[in-house]
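Below, each chain spelled out in residue letters.
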Amino acid sequence: MLEILAVIFLSGKIGELAERKGQKKGKWKAYTIIGWFVSEITGIFIGIVMFGEEALGSMLLLGYSLAILSYFAIRQSLQKMPDLDNGFDFEK
């Protein structure tokens, strides 16, 4: 349950950042949600291969770690984009 709340909160933050950058916030929210779950599942599969099926804690820790890394990767790629110009030119 906490994971779902985290994904909702973080996708909202990405949506706000996307609006500041002049991007479609729905698209970036979708990237965040899909990236989170794909990375988490990938991490769990890697955990199964590395630690075996009995090490549930290690699998989940690896899955959550990759999910959080995917959020930061998406945020970083969005932050590299230029900010939306709001039309004010203070130099004139």
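Up top is the structure.
Predicted model, so just to flag it, every value in this text is computed and none were measured.

Reading the values: the criteria
- Sequence order as written defines residue numbering, which begins from 1 separately in each chain.
- The predicted nature of this model means local features are confined to residues of pLDDT at least 70 and side-chain atom pairs, given and counted, to a pLDDT of 80 or more, with totals for whole chains, interfaces and linings taken over all residues.
- Neither water nor hydrogens contribute to the side-chain values; these are computed over all heavy atoms in the structure.
- A run of DSSP states H or I qualifies as a helix once it reaches four residues; a run of E qualifies as a strand once it reaches two. Both are numbered from the N-terminal end.
- Any two residues whose heavy atoms approach within 4.5 Å are treated as being in contact.
- Counted as a polar contact is a pair of N or O atoms within 3.5 Å, where, for protein atoms, one must be capable of donating a hydrogen and the other of accepting one, and residues adjacent in sequence contribute only when both atoms are in side chains.
- Residues belong to a common nonpolar core when they are buried Ala, Val, Leu, Ile, Met, Phe, Trp, Tyr or Cys residues joined through side-chain atoms within 4.5 Å.
- Classification of residues uses two cut-offs on accessible area relative to the type maximum, computed with a 1.4 Å probe and protein chains only: under 20% is buried, over 50% is exposed, and between them is partly exposed.
- Only four residue types enter the tally: Lys and Arg on the positive side, Asp and Glu on the negative side; His and the chain ends are excluded.
- Only one rule defines a salt bridge in this text: a Lys or Arg side-chain nitrogen within 4 Å of an Asp or Glu carboxyl oxygen.
- In this analysis, axes come from line fits to C-alpha atoms, helices being fitted only over the stretch in contact, and the angle between any two N-to-C directions falls in the range 0 to 180 degrees.
- It is the rotation of the near helix from the far one that decides the hand of a crossing: anticlockwise by less than a right angle makes it left-handed, clockwise makes it right-handed.
- For classification, angles of less than 35 degrees are called roughly parallel, those exceeding 145 degrees roughly antiparallel, those between 65 and 115 degrees roughly perpendicular, and all remaining angles oblique.
- Classification used: nonpolar for Ala, Val, Leu, Ile, Met, Phe, Trp, Tyr, Cys and Pro, charged for Asp, Glu, Lys and Arg, polar for all others including Gly.

Caption draft 1: Fine view of the environment of Glu-3. Looking at the element boundaries, Glu-3 is found in helix H1 (residues 2-20). Distance from Glu-3 to Lys-80, taken between C-alpha atoms, is 27 Å for residues 77 residues apart in sequence. Setting aside its immediate chain neighbours within four residues, Glu-3 contacts Trp-36, Phe-37, Glu-40 and Tyr-64. Within the local environment of Glu-3, its side chain forms a polar contact with the side chain of Trp-36, the two groups lying 3.0 Å apart.

Caption draft 2: Looking closely at the nonpolar core. With 11 residues, the main nonpolar core is built from Val-7, Leu-10, Ile-14, Leu-17, Ala-18, Trp-28, Trp-36, Ala-67, Tyr-71, Ile-74 and Leu-78. Looking at this core element by element, the count peaks at 5 residues for H1. Beyond its immediate stretch of four places on either side in the chain, Trp-36 contacts Glu-3, Val-7, Leu-10, Ala-67, Ile-68 and Ser-70.

Caption draft 3: Highlighting the side chain of Glu-40. Mapped onto the elements of the fold, Glu-40 is located in helix H2 (residues 25-51). Arg-75 provides the closest opposite charge to the buried, salt-bridge-free Glu-40, at an N-O distance of 18 Å. For Glu-40, the residues in contact, after removing those within four places along its chain, are Glu-3, Gly-63, Tyr-64 and Ala-67.

Caption draft 4: Quick look at the packing of H2 against helix H3 (residues 56-79). For the pair H2 and H3, the least separation of the axes is 7 Å and the interaxial angle reads 150°. The handedness of the crossing between H2 and H3 comes out as right-handed.

Caption draft 5: How the structure looks around the pattern of salt bridges. Within the structure shown, the criterion is met by 2 salt bridges. One salt bridge in this structure joins Lys-21 and Asp-83, with 2.7 Å as the shortest N-O distance. Residue Lys-21 is found in the loop between H1 and H2, and its partner Asp-83 is found in the segment after H3; the two are separated by 62 residues along the sequence. For Lys-21, a relative accessible area of 12% puts it in the buried group. Using a relative accessible area of 56% as the deciding quantity, one classes Asp-83 as exposed.

Caption draft 6: Summary view of the packing of H1 against H3. One can describe the packing of H1 onto H3 by two numbers: an axis separation of 10 Å at closest approach and a directional angle of 10°. One finds that H1 runs roughly parallel with respect to H3. On H3, the residues touching Glu-3, Leu-10, Lys-13, Ile-14, Leu-17 and Ala-18 of H1 are Tyr-64, Tyr-71, Ile-74, Arg-75, Leu-78 and Gln-79. Of the residues that constitute the contact of H1 with H3, the class distribution is 8 nonpolar, 1 polar and 3 charged.

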